[in-house]
Amino acid sequence: MQDELAAAFDSWLAAVCPPAVVRAIDAGGSSATLWREIESSGYLDALVPEAQGGAGLKLAAVRPLVQACGTHAVPVPFVETMVARAELARAGHERADGPLALAGLDDATLPAAARATWIAATTSALIAGAAERVLELASTYAQQRVQFGRPIGSFQAVQHRLAVMAEQTCTARMAAQLAFAVPAPRPDRTLAAIAKCVAGEAAAIVAAGGHAVHGAIGITAAYDLQLCTRRLLAWRTEGGSPTYWAREVGTAWWRSGETRALDFALARLADAQG
Amino acid sequence: MFLDTLSLTRIPPDDEALRMPVRAFLEEALVGVPTEVRARSWSGFDADFSRRLGERGWIGLTLPIEHGGGGRSVFARFVLVEELLRAGAPVAAHWIADRQSAPQILRFGTIEQARRFVPGVCRGEIFFCIGMSEPNSGSDLASVRTRATRTASGWRLDGQKIWTTNAHRTHFMLALARTSGDASSRHAGLSQFIVDLTLPGITIRPIADLNGEADFCEVFFDGVELGAEALLGEEGDGWKQVTSELAYERSGPERIYASLILLDEWLAWLRALDRPSESSLALAGRILAVMSVLRSLSIAVTAQLDAGASPLVESALVKDLGTTLEQFIPEAIADALGEDPDTPLPESLGRTLRHVAQIAPAFSLRGGTREVLRGMIARGLGLR
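Residues numbered from 1 in each chain as written. Chains lettered and ligands numbered in written order. Predicted model: local features only at pLDDT ≥ 70, side-chain atom pairs only at ≥ 80, totals over all residues.

(A) A look at the overall build of chain B. Helix and strand counts for chain B come out as 13 helices and eight strands. Here the C-alpha atoms of chain B give a radius of gyration of 21 Å, agreeing with the 21 Å that 2.2 N^0.38 yields for 384 residues. By principal-axis analysis of the C-alpha atoms, chain B measures approximately 75 × 50 × 40 Å. When contacts within chain B are restricted to residue pairs at least 6 apart in sequence, long-range pairs at least 24 apart make up 76% of them. (Helix = DSSP H or I, 4+ residues; strand = E, 2+ residues; numbered from the N terminus. Rg over C-alpha atoms; globule rule 2.2 N^0.38 Å. Contact = placed C-beta atoms within 7 Å.)

Have a look at this one:
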């Protein structure tokens with residue numbers, strides 16, 4: 001059922017938010033039409049409890065939706081609004097219309113630490129989604145672009161670069177799964193820190209690799225690659241860089257009292273469910 | 001989408017329950033073993049220890065009970081291996097037989113071969129080594145020249161293997177040899193043989209390594225007479241068999257944790273301080289974060305094995321990521337400790353660091369080089 005939801009959401013996004021729409025909004029155009037589509041879709045209430053008119057989805061069930069927003073480079077605050085609506089409902093507030101920012105919620109509704117955790121978890125999943133798209137674009141391009149009389153994807157140097165991108169994409173995707181894997185309504189702080197540290201590092205490697213494989217065409221505004229790579233770089237540091245979140249994980253280890261690496265990992269991962 | 005089959009999977013509780021009994025046994029069995037010895041991880045060889053593990057039923061854990069195995073799932077084996085690596089247990093004696101040779105024999109061999117070898121492997125009494133590499137056949141395994149020629153009673157083996165880990169301490173080699181054609185025939189005409197290493201005509205010479213140890217060997221075959229029963233599987237199927245063997249070889253947690261004992265020793269050193277530096281905390285956090293995600297990926301590959309798949313590309317991907325972490329750990333820890341060159345290090349931490357840092361280049365060579373693995377991933381992407 002979760003796969004069906006993700007597939008339906010993905011095709012819906014492909015229809016309402018194609019690259020042309022992203023490009024126009026990125027260039028300063030109006031996002032009103034896209035936002036109307038999003039509001040009327042009902043997806044913004046995915047995390048709102050059913051009793052309050054939402055879909056009451058679990059955290060793990062919305063991770064593919066967040067990831068798809070990364071794949072399609074959604075240029076409006078869909079994810080933040082979805083989370084904000086859930087937090088407002090949780091705090092017993094009326095639903096607010098229009099795009100919402102987590103920074104706009106008061107501390108009683110969403111404490112600063114919980115806000116940071118949400119940003120770490122959601123940007124990890126956005127990175128995973130955008131990385132998938134960059135990998136797909138780059139491996140397709142490498143098979144089509146011919147130089148020296150053969151597709152550039154037949155050169156070992158290009159193959160290995162793409163292999164590293166595939167590794168990092170898989171790493172980011174697993175990191176995102178961990179960030180969303182707890183049964184609680186909010187992401188777990190340490191799991192989100194682990195995810196963002198790892199996904200943030202992956203973001204830079206995948207973005208750089210995507211451009212290296214594409215050459216000059218990837219730098220142009222007209223080609224879709226930039227829609228994802230610019231976002232990968234922004235999400236990499238939004239709400240804290242990989243080093244910021246690495247220090248957070250290190251501090252969690254220090255406070256845990258565990259010494260051994262595996263014992264720390266086992267305790268943190270114990271709550272994560274597939 | 002590429003490799004979106006790697007899903008977060010929880011180890012089933014029944015399998016997870018194996019962890020504490022194994023941990024308790026290891027704590028008692030390895031008491032007093034110094035850290036730099038434990039840091040040899042799965043390269044440490046101790047036949048007595050392997051027999052004790054066999055007595056517990058912890059060799060051949062996933063193999064069928066009727067052949068002396070434990071009949072448990074691959075998840076149970078993941079837990080067992082994870083604990084063996086956490087303790088730095090000397091598992092090398094039985095490691096290859098447990099991980100590769102016995103499953104290969106059960107998969108491709110006759111019932112007589114299964115009865116002859118598998119129960120002894122599970123008891124920790126029969127040890128195997130892998131006869132793949134040759135002087136001119138490293139990454140290009142299909143070019144092997146060791147030849148097995150049919151005789152009236154079986155086969156005669158001539159040629160040479162090299163880099164054969166523990167050939168001088170094990171009983172049998174699972175050897176890849178050419179039975180027809182020549183090196184230009186590539187994947188055709190190769191076969192696997194179970195070679196008794198005590199047979200006349202076999203010379204084994206250990207090769208000293210840069211750490212002053214001698215784990216790997218040259219092995220010479222000079223007219224070695226093998227019985228017909230030495231052939232494993234069908235003649236000419238060697239390449240197909242060896243490919244499936246490499247999936248076992250690459251998929252386990254031993255490709256994440258080779259530097260774990262060093263990491264734990266460094267974390268213990270940090271713990272002994274009042275408060276570690278911010279940069280050390282960030283480094284510890286980064287390593288723990290990467291390790292946690294790679295562990296989840298490794299379990300996801302295990303889940304595919306459990307479902308009966310043969311995740312060759314996935315194994316290659318996780319192994320390349322894992323060995324990258326294993327190599328990053330000694331380099332980064334050396335750098336962190338060197339930030340403060342005037343503070344003397346505990347001697348065991350210094351020795352452990354030196355050992356792991358010096359051997360670390362081997363992590364991305366053994367079991368398929370980084371470059372070979374990236375080629376396999378590229379093939380998975382449709383590029384080859």
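(B) Looking closely at the overall build of chain A. In terms of helices and strands, chain A carries 11 helices and two strands. Listed by position from the N terminus, the elements making up chain A come as α-α-α-α-α-α-β-β-α-α-α-α-α. Relative to a compact globule of 274 residues, whose C-alpha radius of gyration would be 19 Å, chain A shows 19 Å and is just as compact. Each principal axis of the C-alpha distribution contributes one length, and for chain A these read about 65 × 55 × 35 Å. For chain A, the proportion of its 274 residues judged to be buried stands at 51%. Excluding contacts between residues fewer than 6 apart, the proportion of contacts in chain A whose partners are at least 24 apart in sequence is 70%. (Buried ≥ 20, exposed ≤ 12 C-beta atoms within 10 Å, placed from the backbone.)

(C) A look at the domain arrangement of chain B. Residue and element names in this part refer to chain B. Annotation of chain B at the domain level lists domain 1 (13-126), domain 2 (129-241) and domain 3 (251-380). The gap between the C-alpha centroids of domain 1 and domain 3 is 22 Å. With 17 residues of domain 1 at the contact, the number on the domain 3 side is 18 residues. A class-by-class count of the residues in the side of domain 1 that touches domain 3 yields eight nonpolar, four polar and five charged. (Domains from an automatic or database assignment. Nonpolar A, V, L, I, M, F, W, Y, C, P; charged D, E, K, R; others polar.)

(D) Molecular detail of the interface of chain A and chain B. Listed per partner, the contact involves 42 residues of chain A and 44 residues of chain B. Looking at the side of chain A that touches chain B, the elements with two or more residues in it are helix H6 (112-144), helix H7 (156-179), helix H8 (189-214), helix H10 (242-256) and helix H11 (261-269) of chain A. Among the elements that make up the side of chain A that touches chain B, the one with the highest residue count is H7(A) (12 residues).

(E) Examining the pairing of strand E4 (residues 172-178) of chain B more closely. Residue and element names in this part refer to chain B. Extensive coverage of E4 is indicated by the burial of seven of its seven residues. Of the two faces of E4, both are covered, the one formed by Phe172, Leu174, Leu176 and Arg178 as well as the one formed by Met173, Ala175 and Ala177. The pairing of strand E1 (residues 128-131) with E4 spans four bridges and is parallel. Its bridge partner lying in E4, Cys129 is registered against Met173. Of the strand pairs in this sheet, E4 and strand E5 (residues 190-196) are connected by seven bridges, and their pairing is antiparallel. When the bridges of E5 are listed, Ala177 appears paired with Ser191. (Pairing = 2+ DSSP bridges.)

(F) Just the domain arrangement of chain A, in detail. Residues and elements named next belong to chain A. On domain assignment, one finds that chain A holds domain 1 (2-104) and domain 2 (113-269). Centre-to-centre, using C-alpha coordinates, domain 1 lies 21 Å away from domain 2. Taken together, the contact pairs 17 residues of domain 1 with 23 residues of domain 2. When residues of the side of domain 1 that touches domain 2 are traced back to their parent elements, those giving at least two are helix H2 (19-26), helix H4 (59-71) and helix H5 (78-90). Here the element with the most residues in the side of domain 1 that touches domain 2 is H4; it accounts for nine residues. By residue class, the composition of the side of domain 1 that touches domain 2 is 11 nonpolar, three polar and three charged.

(G) Representation of unusual backbone geometry. Even without being a glycine, A:Phe148 presents a positive backbone phi close to 55 degrees. Looking at where A:Phe148 falls in the secondary structure, it is placed in the loop between strand E1 (146-147) and strand E2 (150-151). Positive phi, close to 55 degrees, is recorded for B:Ser41, a residue that is not glycine. Here B:Ser41 shows up in the loop between helix H3 (35-38) and helix H4 (47-55).

(H) Local environment of the environment of B:Ile111. All names here are of chain B. With respect to the helices and strands, the residue Ile111 is situated in helix H7 (residues 111-122). Residue classification places Ile111 among the exposed positions, given that 9 C-beta atoms sit within 10 Å. In the structure, Ile111 is positioned 209 residues away from Asp320 in sequence and 36 Å away in space, judged by C-alpha atoms.

(I) Broad picture of H7(A). An ideal rise of 1.5 Å per residue puts 34 Å on 24 residues; H7(A) measures up with 34 Å between its terminal C-alpha atoms. Burial analysis of H7(A) places 20 of its 24 residues in the buried class, the great majority of the element. (Expected span 1.5 Å × (residues − 1).)

(J) The packing of H6(A) against H8(A), seen in detail. Residues and elements named next belong to chain A. At their nearest, the axes of H6 and H8 sit 8 Å apart, and the two run at 25 degrees to each other. What the angle tells us is that H6 and H8 run roughly parallel. H8 is crossed by H6, and the crossing has left-handed handedness. The residue makeup of the contact of H6 with H8, split by class, is 21 nonpolar, six polar and two charged. (Axes fitted to C-alpha atoms, helices over the stretch in contact; angles between N-to-C directions. Parallel < 35°, antiparallel > 145°, perpendicular 65-115°, else oblique. Left-handed = near helix turned anticlockwise from the far one by under 90°.)

(K) Representation of the packing of helix H11 (residues 312-338) of chain B against helix H12 (residues 347-359) of chain B. Residues and elements named next belong to chain B. One can describe the packing of H11 onto H12 by two numbers: an axis separation of 9 Å at closest approach and a directional angle of 135 degrees. Regarding the angle of H11 to H12, the classification is oblique. Relative to H12, H11 is oriented so that their crossing is left-handed. Every residue of H12 that contacts H11 at Pro330, Ile333 and Ala334 is listed here: Leu353, Val356 and Ala357.

(L) Structural detail: helix H6 (residues 92-108) of chain B. Residue and element names in this part refer to chain B. If you check H6, its first and last C-alpha atoms are 24 Å apart, about what 17 residues at 1.5 Å a residue would give, namely 24 Å. Along H6, the largest kink reaches about 40 degrees and is centred on Asp98. Most of H6 is tucked away: 14 of the 17 residues are buried. (Bend = angle between axes of the 7 residues up to and from the residue.)

(M) Molecular detail of the environment of A:Val22. Residues and elements named next belong to chain A. By the secondary structure assignment, Val22 is in helix H2. A C-alpha to C-alpha distance of 9.0 Å links Val22 and Val76, two positions 54 residues apart in sequence. Setting aside its immediate chain neighbours within four residues, Val22 contacts Cys17, Ala73, Pro75 and Leu227.

(N) Summary view of the environment of A:Met82. Residue and element names in this part refer to chain A. Position of Met82 relative to the elements: it lies in helix H5. You can call Met82 buried: it has 24 C-beta atoms within 10 Å. Considered as a pair, Met82 and Val66 are 16 residues apart in the sequence and their alpha carbons are 9.7 Å apart. Among all residues touching Met82, those that are not within four sequence positions of it are Leu44, Ala46 and Leu47.

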